[in-house]
Amino acid sequence: MVKDAFAHVEHWVFDLDNTLYPPQARLFDQIEVRMTAYVMASLGVDHAEADRLRRHYWAAYGTTLAGLMREHDVDPTPYLTHVHDISLAHLERDSDLAAHIARLPGRRIVYTNGTAPYAERVLEARGLAGLFDAIYGVEHAEFRPKPERAAFESIFEQAGVDTAAAAMFEDDPRNLAAPHEMGMRTVHVAPEPHDADHIHHHTDDLTAFLSQL
Ligand SMILES: [Mg+2]
């Protein structure tokens, strides 16, 4: 039974983008356009080169920002403000998901590679505001992103997460590796499954999955 696998869980950690809203909302398309524009302007490269660099940074460092910081010493704060200044008009309130999150026993946390103020806007638009005990963004880990284990360790220490009694919900399989190593229950939330030893569960419907717990 899925329920039994979560009987010990007291800390529920959720990624934000494409986890607490469906990828069909395509918010990341808007963010990617703004990231590319920022790379073009800050490094003085053309569109194709900016796209190539973004893919390289994402693969090598986990995020575009991490690559810009590591290779070009880019200031993270104006970058993060710029890339998250997007329209949330495509997000819909989700009262079923809200009800299932509200009945999870213990502490509920959002941990995103975006920023906490952006996460609050998204949660508000989804009708999920007020359901979480704490919201952490990349700024709370000195701008180190998931999947770096040091980023998870920093956030979980600040949040008081006991990883032996915790679960992580994420759409990016890479971001479940460190939580798994740290003893957490891992749930991959995405349209397609991803075969990896560090993934305990997969679902393409977070609400349906939570309804089993
Ligand atoms: Mg995500």
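Residues numbered from 1 in each chain as written. Predicted model: local features only at pLDDT ≥ 70, side-chain atom pairs only at ≥ 80, totals over all residues. Heavy atoms only, no water.

**Here we look at the coordination of the magnesium ion**
In this structure, Asp 15 (OD), Asp 17 (O) and Asp 171 (OD) serve as the protein donors to the magnesium ion, at separations of 2.1 to 2.2 Å. Counting residues between consecutive donors of the magnesium ion along the chain gives the motif D-x1-D-x153-D. Taken together, the residues Asp 15 in the loop between strand S1 (11–14) and helix H2 (27–43) and Asp 171 in the loop between strand S4 (166–170) and helix H9 (177–181) connect sequence positions 156 residues apart. Classification of Asp 15 by relative accessible area gives buried; the value is 5%. (Donors = N, O, S within 2.8 Å, 3.2 Å for Na, K, Ca; no water. Helix = DSSP H or I, 4+ residues; strand = E, 2+ residues; numbered from the N terminus. Buried < 20%, exposed > 50% of the residue type's maximum accessible area, 1.4 Å probe, protein only.)

**Side note on the pattern of salt bridges**
Using the criterion set out here, one finds 12 salt bridges in the structure. Between Arg 149 and Glu 153 there is a salt bridge, with the nearest N and O atoms lying 2.8 Å from each other. Here Glu 153 and Arg 149 lie together in helix H8 (residues 149–159), a separation of four residues that amounts to about one turn. Overall, the relative accessible area of 34% leaves Arg 149 in the partly exposed class. The network of salt bridges with shared partners includes Asp 15, Lys 146 and Glu 170. (Salt bridge = Lys/Arg side-chain N within 4 Å of Asp/Glu carboxyl O.)

**Brief notes about helix H6 (residues 95–102)**
Where H6 is concerned, the buried positions are Leu 97, Ala 98, His 100 and Ile 101. In a view along the axis of H6, the buried residues occupy a sector of 170 degrees, so they form one face of it. In H6, those exposed residues whose orientation departs by more than 90 degrees from the buried face are Ser 95 and Asp 96. Packing partners of the buried residues in H6 comprise strand S2 (107–111), helix H7 (116–126) and helix H10 (206–211). Residue Asp 94 occupies the N-cap position of H6, its side-chain oxygen lying 3.3 Å from the main-chain nitrogen of Asp 96. (Arc of directions from axis to C-beta. Contact = heavy atoms within 4.5 Å. Polar contact = N/O pair within 3.5 Å; in protein donor to acceptor, adjacent residues only side chain to side chain.)

**Considering the domain arrangement of the chain**
By the assigned domains, the chain splits into domain 1 (2–22 + 93–211) and domain 2 (27–83). Roughly 990 Å² is buried in total at the junction of domain 1 and domain 2, and carbon and sulfur atoms are behind 67% of that figure. On the domain 1 side of the interface with domain 2, the three residues burying the most area are Phe 143, Pro 145 and Arg 174, jointly 46% of the side's total. Our enumeration of links across domain 1 and domain 2 arrives at one salt bridge. Counting every contact that joins domain 1 to domain 2 gives three residue pairs in polar contact (both at pLDDT 80 or more). Of the residues that constitute the side of domain 1 that touches domain 2, the class distribution is seven nonpolar, three polar and five charged. (Domains from an automatic or database assignment. Buried area = accessible area lost by both parts, 1.4 Å probe. Nonpolar A, V, L, I, M, F, W, Y, C, P; charged D, E, K, R; others polar.)

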